[in-house]
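Survey of secondary and tertiary structure
Here is what each chain is made of, one letter per residue.
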Amino acid sequence: MPTLLEIKEIAPAFKQYLVETPEIARKHQAGQFVIVLLHDHGERIPLTIADSDAEAGTITLVVQEVGKSTMEMGLMSEGDQIEVVGPLGTPTHVEKLGTCVCVGGGAGIAPLLPIARAMKEAGNEVVSILGGRTKELVILRDEMTEASTEMIYTTDDGSFGAKGFVTNALEQLIEERGKPDIVIAIGPAIMMKAVAEMTRPLEISTVVSLNTIMIDGTGMCGGCRVSVGGDSKFVCVDGPEFDAHTVDFDLMMKRQRTFLSEENVARLRFLESHKCKATKGTEVS
Amino acid sequence: MGRELTKKERMELPRQSMPTQDPMDRIKNFDEVALGFTAEMAITEAERCLECKKPRCVDGCPVGIDIPAFIHEMQEGDFEKALAIIKQANTLPAICGRVCPQEDQCEQVCVVGNKYKPVAIGRLERFVADWEVAQGGEIVMPERQPETGFKVAIVGSGPAGLATAAELAMRGHSVTVYEALHKPGGVLVYGIPEFRLPKKIVEDEVGNLKKLGVELRYNFVVGKIASVQELFTEYNFDAVFIGTGAGLPYFMGIPGEDYIGVYSANEFLTRVNLMKGFDFPAFDTPVGMGRRVAVVGSGNVAMDCLRTAKRLGAEEVICLYRRTRAESPARLEELEHAEEEAIDFRWLSSPVEIYGNDDARVTGVRVQKMELGEPDASGRRRPVPIEGEQYDVELDTIIMGIGQGPNPLVTRSTEGLELNRWGNIVVDEETMMTSIPGVFAGGDIVTGAATVILAMGAGKVAAEGIDTYLRETVKVPKARTA
């Protein structure tokens, strides 16, 4: 079973895990994800891959502690073993297009990293716009700087970069320099929806990566389905990336709330039994 | 033993009925419904067999168990010998004894059944398998032939894959089974519920395969972590068997199917069976089922969903099926069990639209009344809508149990693999070899959704095909030349 080699807290309620899993590391391509299972009573948690090192045989997972299972993962120690399956999902379509704007918000910055890197390696000009509520929640800044040609930051509270949302920065960028060839946006659903609505009238090709409720991750259960261009698509195998202008974000956001009451039960029950150890986690927006 | 029974006396013995949990008790638990024969019942039932010289039952068995021979040993009370005979042909007897549709196979052609009820072959198989486990000793498996040095990869650990693996291991080949999920068994663990097939039994029987030398790798998605081609080039296998099943859920394509509370049967059953969602929050995966539940479809999978919903505490459980009870594809035994458990069957009823509220949660369904018209391609009378006859049902959960297709994950990633228009793999029926030399396939991925035992039967045929291919075409194991 894969071993957790290194665990680092990179921001409040954000942990970075270095996982030893040579076969996945060798095969991982930008845009793909894994599913982890912590123990035999656990649930299967889809997690994006922030980085991989084929030679070292490791992948890097960045996990925001939002619910029972991610908080429980946060209590694990280096040397512990977990089950990991992957790499799942269809890889990002990487090609030289010209200018690529990568928009990342919150936990969405993690899966954006390998995509930005691949787009830059393919010869694109990569302008990354990263945002968060406050400075310390704009994660992976150094790594993203290395993977991009230019960085723009925004924070809701103005503690870092421009005060405001990533969409404000994107709008300004387009006003100043014209339309980019592609926008790739990964973050909270509401952010991706806002980006899609901004770029749609401008007819800028826009890709989003979705993170829906999932069980097997191989197209068997259909729990992850989203409405894309009027058709039902499975995020786990048809995605996770889709044309942002065809995704029904409103329905997707509602479906993400399917198990809201169960999630709260599990979270409270967990916090009750781990009073002294667990961090409180963060609210999901 | 007393005097030998005459043929007439044998046939006149009543078929022993299976003790079951009382319906009103069992809808409150997930324990097995059928409790199994006692030794006395098993011997009496065995006495009913005429030991025909030309036994038709053996031909009726997809894996060709020597049925009269094992039943003969049971008449003598030698359960150990009886089981050894079964295991020569079938290494998963406790599973097959429970989930095979014997009424359409061995028992359908049983000569006793011409005039009386057929010998309860399936229940006898189950009895001896359970008997061995109850003895508590070492489980005896057939002997493995000397090592051949050939390596075979099996993709998928469902019934087809497990049967192929066992057969190849007995023939001395080195076998590795790759499973995408974190537990072995495929549909036996994610699909079939605990009350019909306890997961402990699947675990035990898969464990027995390990004794035969079969190796199992979990969390390994062929098509992602390694392609079929790479199993040959990078993993050094001499042959590959694809048994990935019918894992693609079908939806109806009616409005409202993406609302919260609409599940595929696969999702609903996986949450409950594989992830143990019935025991949330002790297990982390919730099911999220409501109080008024409808299941669309009337096959075995639909029966499993209906009866699972009942056990999870649904107040109302409705079956919506567009044909009638007579056309229902479920096993009669499953249908009867569901009826005993107070499922509300609405025949000739087909959903046309699902309603939801502002939160996108299901609130109800509009049902179209149907009537039976002319027979269609399947030979069954085609359901046609009765104009103007629609009604609404208030619901919070609706489960689609209308069938599954072939999961395209492996087939799409395998270049040169010939598929039919439904996406099933095309094979040579004699050898089960696909359009790619050395790549074999069997089970639901070839036939479309069918039964556990048909998949196992296909696995046995494929094992024979693979064995011949290795010896006559490959000749020298890759591991030896590498």
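Below you will find a few notes about this structure. (Residues numbered from 1 in each chain as written. Chains lettered and ligands numbered in written order. Predicted model: local features only at pLDDT ≥ 70, side-chain atom pairs only at ≥ 80, totals over all residues. Heavy atoms only, no water.)

All names here are of chain B. Within the structure shown, the criterion is met by zero disulfides over all chains. The closest cysteine sulfur to the non-disulfide-bonded C57 is located on C49, 6.5 Å from its own sulfur. Note on C100: no disulfide assigned, nearest cysteine sulfur contributed by C96 at a separation of 4.3 Å. (Disulfide = S-S within 2.5 Å.)

Residue and element names in this part refer to chain A. Spatial ordering of the open sheet is given by β1-β2-β5-β4-β3-β6, a layout of six strands whose pairing is antiparallel. The outermost strands of the open sheet, each flanked by one partner alone, are β1 (3-11) and β6 (83-88). Averaged over all adjacent pairs, the angle separating strand axes in this sheet is 35°, with direction ignored. Contacts from helix α3 (residues 109-121) reach β4 (45-53) and β5 (58-64) within the one sheet, and its direction differs from that of β4 by about 40°. (Pairing = 2+ DSSP bridges. Helix = DSSP H or I, 4+ residues; strand = E, 2+ residues; numbered from the N terminus. Axes fitted to C-alpha atoms, helices over the stretch in contact; angles between N-to-C directions. Contact = heavy atoms within 4.5 Å.)

The partner chain B presents 45 residues to the 48 residues of chain A that form the contact. When chain A packs against chain B, close to 3,800 Å² is buried across both sides, 56% of that on carbon and sulfur atoms. At the surface where chain A touches chain B, the tally comes to five salt bridges. Taking the shortest distance from any N to any O, the salt bridge between E234(B) and R26(A) comes out at 3.1 Å. Our count for the contact surface shared by chain A and chain B stands at 22 residue pairs in polar contact (both at pLDDT 80 or more). Elements supplying a minimum of two residues to the side of chain A that touches chain B: α1 (22-27), α2 (68-74), β6, β13 (225-228), β14 (231-234), α7 (235-238), α8 (249-255) and α9 (260-273) of chain A. (Buried area = accessible area lost by both parts, 1.4 Å probe. Salt bridge = Lys/Arg side-chain N within 4 Å of Asp/Glu carboxyl O. Polar contact = N/O pair within 3.5 Å; in protein donor to acceptor, adjacent residues only side chain to side chain.)

Before going further, it helps to spend a moment on the nonpolar core. Membership of the largest hydrophobic core comes to 129 residues, with the highest contact counts inside it found for V36(A), L61(A), F70(B), M74(B) and L231(B). Broken down by element, the residue count for this core peaks at ten residues, all from helix α18 (residues 452-474) of chain B. Residues in contact with L61(A), not counting those within four places in the same chain, are K15(A), Q16(A), Y17(A), V19(A), V34(A), V36(A), L47(A), T48(A), I49(A) and M73(A). Among the nonpolar cores identified, the runner-up in size contains 40 residues, and I35(A), V85(A), M214(A) and V228(A) belong to it. (Core = buried A, V, L, I, M, F, W, Y, C linked by side-chain atoms within 4.5 Å. Buried < 20%, exposed > 50% of the residue type's maximum accessible area, 1.4 Å probe, protein only.)

Turning to the environment of K135(A), a few remarks are in order. Residue and element names in this part refer to chain A. When you line up the elements, K135 lands in the loop between β8 (125-132) and α4 (141-147). Through-space distance from the C-alpha of K135 to that of I82 is 31 Å; in sequence the pair is 53 residues apart. In contact with K135, other than residues within four places in its own chain, are R141, T155, S159 and F160.

Residue and element names in this part refer to chain A. The buried count for β5 comes to six of seven residues, which makes it a mostly enclosed element. In terms of strand pairing, strand β2 (residues 14-20) meets β5 through seven bridges, oriented antiparallel. From the neighbouring strand, V19 faces β5, where its bridge partner is I59. Here β4 folds back onto β5 in antiparallel fashion, the turn holding four residues, of which G57 has a positive phi close to 75°.

Attention now moves to the sheet that holds strand β3 (residues 215-217) of chain B. The strands making up a sheet associate through hydrogen bonds between their backbones, and the pairing can be parallel or antiparallel. Residue and element names in this part refer to chain B. Ordered by their spatial adjacency, five strands build an open sheet running β3-β2-β1-β4-β15, and the pairing between neighbours is parallel. Bordering the open sheet on either side are β3 and β15 (439-441), each of which pairs with just one other strand. In this sheet, neighbouring strand axes are inclined to one another by 20° on average, regardless of whether the strands run parallel or antiparallel. Pairing between strand β1 (residues 151-155) and strand β4 (residues 239-242): four bridges, direction parallel. Paired with I154 across the two strands is F241, which belongs to β4. Set on the sheet, helix α9 (residues 159-170) makes contact with β1, β2 (174-178) and β4; between it and β1 the angle comes to about 165°. Docked against the sheet, α18 engages β1, β4 and β15, running at close to 165° with respect to β4.

With that settled, the discussion passes to the environment of V155(B). Residue and element names in this part refer to chain B. Position of V155 relative to the elements: it lies in strand β1. We classify V155 as buried; its relative accessible area is 4%. Once residues lying within four places of it in the same chain are set aside, the contact partners of V155 are Y178, V222, L231, V240, F241, I242, G243, T244 and V410.

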